Amino acid sequence: MLWMKWKIVVDSLRGRRRRMPCSLWFLLLFAAGGLVLFIHQRDLSEMVQQQGPGVKLGSSPRQSRETLSTQDRERGKSEGYQDPRAAEGSLSSPIPPMQFPHFEASRQTATTGSREQDIGSLHVSKRQRKLLKTSPPINQTNKNVSSSSSSPSSSSSVSSSPALGSFSPDILEARRKLMKEICAKYKSSISRTITRHHVKHLYVEDKYKLLYCQVPKAGCSNWKRTLMVLAGQAPNAQSIKHDTVHYGHHLKTLDNFDRQGIMHRLETYTKVMFVREPLERMVSAYRDKFENPNNYYHSLFGKPIISKYRVNPSRAALKTGSGVTFKEFVQYLLDVHRPVGMDIHWEQVNQLCNPCLIDYDFIGKFENMEEESNFVLRLTGAPPNITLPNFKDRNPTDTRTSMQITQKYFSQVSMLERQRVYDFYYMDYLMFNYSKPFKDLY
């Protein structure tokens, strides 16, 4: 009996001894796997720290903004608009982009002027900088421009005209290339079909085959005067009054033509647009429409703005709509549920002129209006005595809106509101190569 018990004990010990090596191997393999996983996670965390916050692994630094416009999102449903945030990669946090730290500040230096950025300091991709630096000189923008020049000698005389100053075809081509880069990056998925809606702001001058996209507060009135002179409707621009320009219906817009007429002009006419520093243009619009007598804008926009954003408004203010403050105007602009819609005077330029659908031959700058307007007029074959006027017929006693005046107005709003307004016009800043107007923007 004792012998049997002893044998059972010995056999059990032998079995354990045979099983022990298997258990030991299992523990060793488990420990090795855990070590490999720990090392891999550590490497990933180091890569994330190196790339900065808000950046998906393998993507470029975030350039998106809180919003481009309510209209962008509405168009996205029907035209397949590609939001910059989707193009740049998903954010790693649900926090809105505005609340991230200024991780781009060291790479993007703000300037206080409204001048065009230097090509070497563009806050776009390396590929864009390379294209801008290596773009060859041109004598003509495309077949549209060549058709307006009678011979190669005429085009060379335009480019060498002393009236052009420092402006050159190289600058023009650099702007067009940058425009195409930004459109390809952010709006590549929009519908390519051009409708009447897309061309309703393009004015037509058939004699000199010119299409001009009006951008209010960027020399729009004087350009319309010049178009009327080119069409033979007035002897000179100085004789045309403001109301005649805007309400006389002397000029046709491209949407008045049939489909064939629209496409023929888009393919053969010289297409021109002039832009302005976005926040400066916005302040200019506010001063013109709300600080001066204007029954139309005070009634249509002033009343609902005061009613929604002013605490305890007076009966007189609600009745007249006069006295809208700049802060109230900013609140209206940033409100996704605006009490009244947008207006052409402060709408984004990329929404007015649709440069990602229409291939503009000339993108001019308001800040260099005299030189560049003369350039485009000579390019279209206009007589040398016709130049763009520079007078100010509305509220002539008011000082022209400058960047210094713009900064003064924006000192009335919070830093967050300033950032959000910059975000609102962010696509215009990218497309037209304007530098940041305030140092604390990111």
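Residues numbered from 1 in each chain as written. Predicted model: local features only at pLDDT ≥ 70, side-chain atom pairs only at ≥ 80, totals over all residues. Heavy atoms only, no water.

Participant: Mind laying out the environment of N390, listing which residues take part and the relevant values?
Facilitator: Within the fold, N390 resides in the loop between α16 (369-379) and α17 (403-410). Apart from residues no more than four positions distant in its own chain, N390 is found in contact with N222 and R400. (Helix = DSSP H or I, 4+ residues; strand = E, 2+ residues; numbered from the N terminus. Contact = heavy atoms within 4.5 Å.)

Participant: Quick one: what's the story with the sheet that holds strand β2 (residues 210-213), residue by residue and with numbers?
Facilitator: Judged by pairing direction, the sheet is mixed, and its five strands sit side by side in the order β3-β1-β2-β4-β5 without closing on themselves. Where the open sheet ends on each side, the last strands, each with one partner, are β3 (252-253) and β5 (362-365). Where strand β1 (residues 202-205) meets β2, four bridges bridge the pair, whose relative direction is antiparallel. Note on β2: the bridge partner recorded for L202 is C213. (Pairing = 2+ DSSP bridges.)

Participant: Give me the lowdown on the layout of surface pockets, citing residues and values where you can.
Facilitator: In this structure, the largest pocket encloses a volume near 1100 Å³. Among the elements of the structure, α8 (220-230), α9 (242-247), α11 (278-290), α12 (295-309) and α16 are those that each provide at least two residues to the lining of the largest pocket. A total of five residues in the lining of the largest pocket trace back to one element, the largest contributor, which is α8. (1 Å grid on protein atoms, 1.4 Å probe; cavity = no way out; pocket = protein on both sides within 12 Å on 5 of 7 lines; lining within 4 Å. Points joined across faces, edges and corners; volume = space filled by probe spheres on them.)

Participant: Got a sec to walk through the state of the cysteines? Specific residues and values, please.
Facilitator: Summed over all chains, the structure comprises two disulfides. Through a disulfide, C183 is tied to C356; the S-S separation comes to 2.0 Å. The sign of the S-S torsion, about -80 degrees, decides the handedness of the disulfide formed by C183 and C356: left-handed. Remark: C356 occurs in the loop between α15 (349-353) and β5 and C183 occurs in helix α7 (residues 169-186); sequence separation between them is 173 residues. The class of C183 is buried, set by a relative accessible area of 9%. Put simply, C213 and C353 are joined by a disulfide, and their sulfur atoms are 2.0 Å apart. Disulfide C213 to C353: torsion about the S-S bond roughly -95 degrees, handedness left-handed. Here C353 lies in helix α15 and C213 lies in strand β2, a separation of 140 residues in the sequence. Counting its disulfide-bonded cysteines in sequence order, the chain shows a connectivity of 1-4, 2-3. The thiol sulfur of C220 is not disulfide-bonded, and the nearest other cysteine sulfur, from C213, lies at 9.0 Å. (Disulfide = S-S within 2.5 Å. Buried < 20%, exposed > 50% of the residue type's maximum accessible area, 1.4 Å probe, protein only.)

Participant: Describe the packing of α8 against α16, with residues and values.
Facilitator: Interhelical geometry of α8 versus α16 gives an angle of 25 degrees and a closest axis separation of 13 Å. In terms of axis orientation, α8 runs roughly parallel to α16. Viewed along their axes, α8 and α16 form a crossing whose handedness is right-handed. Residues W223, T226 and L230 of α8 form the contact with α16, whose own contacting residues are M369, S373, V376 and L377. Residue classes in the contact of α8 with α16 are distributed as five nonpolar, two polar and no charged. (Axes fitted to C-alpha atoms, helices over the stretch in contact; angles between N-to-C directions. Parallel < 35°, antiparallel > 145°, perpendicular 65-115°, else oblique. Left-handed = near helix turned anticlockwise from the far one by under 90°. Nonpolar A, V, L, I, M, F, W, Y, C, P; charged D, E, K, R; others polar.)

Participant: Lay out the packing of α11 against α17 with the relevant residues and their values.
Facilitator: At a minimum axis distance of 9 Å, the contact between α11 and α17 shows a crossing angle of 75 degrees. For the element pair α11 / α17, the angle class is roughly perpendicular. Here α11 contributes L279, E280, M282, V283, Y286 and R287 to the contact with α17, which in turn contributes M403, I405, T406, Y409 and F410. Classifying every residue of the contact of α11 with α17 by side-chain character gives eight nonpolar, one polar and two charged.

Participant: Quick one: what's the story with the packing of aromatic side chains, residue by residue and with numbers?
Facilitator: Summed over the entire model, instances satisfying the criterion amount to 24 aromatic pairs. Ring centres 5.2 Å apart and planes at 15 degrees place the aromatic pair Y212 and W223 in the stacked group. With Y212 in strand β2 and W223 in helix α8, this pair connects stretches of sequence that are eleven residues apart. This pair shows no difference in class: Y212 is buried, exactly as W223 is. The interplanar angle of 90 degrees and the centroid separation of 6.2 Å between the aromatic rings of Y332 and W346 together place this pair among those described as edge-to-face. Of this pair, Y332 sits in helix α14 (residues 326-334) while W346 sits in the loop between α14 and α15, and the two are 14 residues apart along the sequence. Considered together, Y332 and W346 belong to a single accessibility category, that of buried residues. The rings of Y286, F290, Y296, Y297, F301, F326, F329, Y332, W346, Y409, F410 and F438 are connected pair by pair, giving a single aromatic cluster. The ring of Y434 carries the charged tip of K365 above its face, separated from the ring centre by 4.2 Å. The ring of F438 carries the charged tip of R418 above its face, separated from the ring centre by 5.4 Å. (Phe/Tyr/Trp six-rings, centres within 6.5 Å; stacked < 30°, edge-to-face > 60°. Lys NZ or Arg CZ within 6 Å of the ring centre and 35° of its normal.)

These figures come from the coordinates and say nothing about function on their own.
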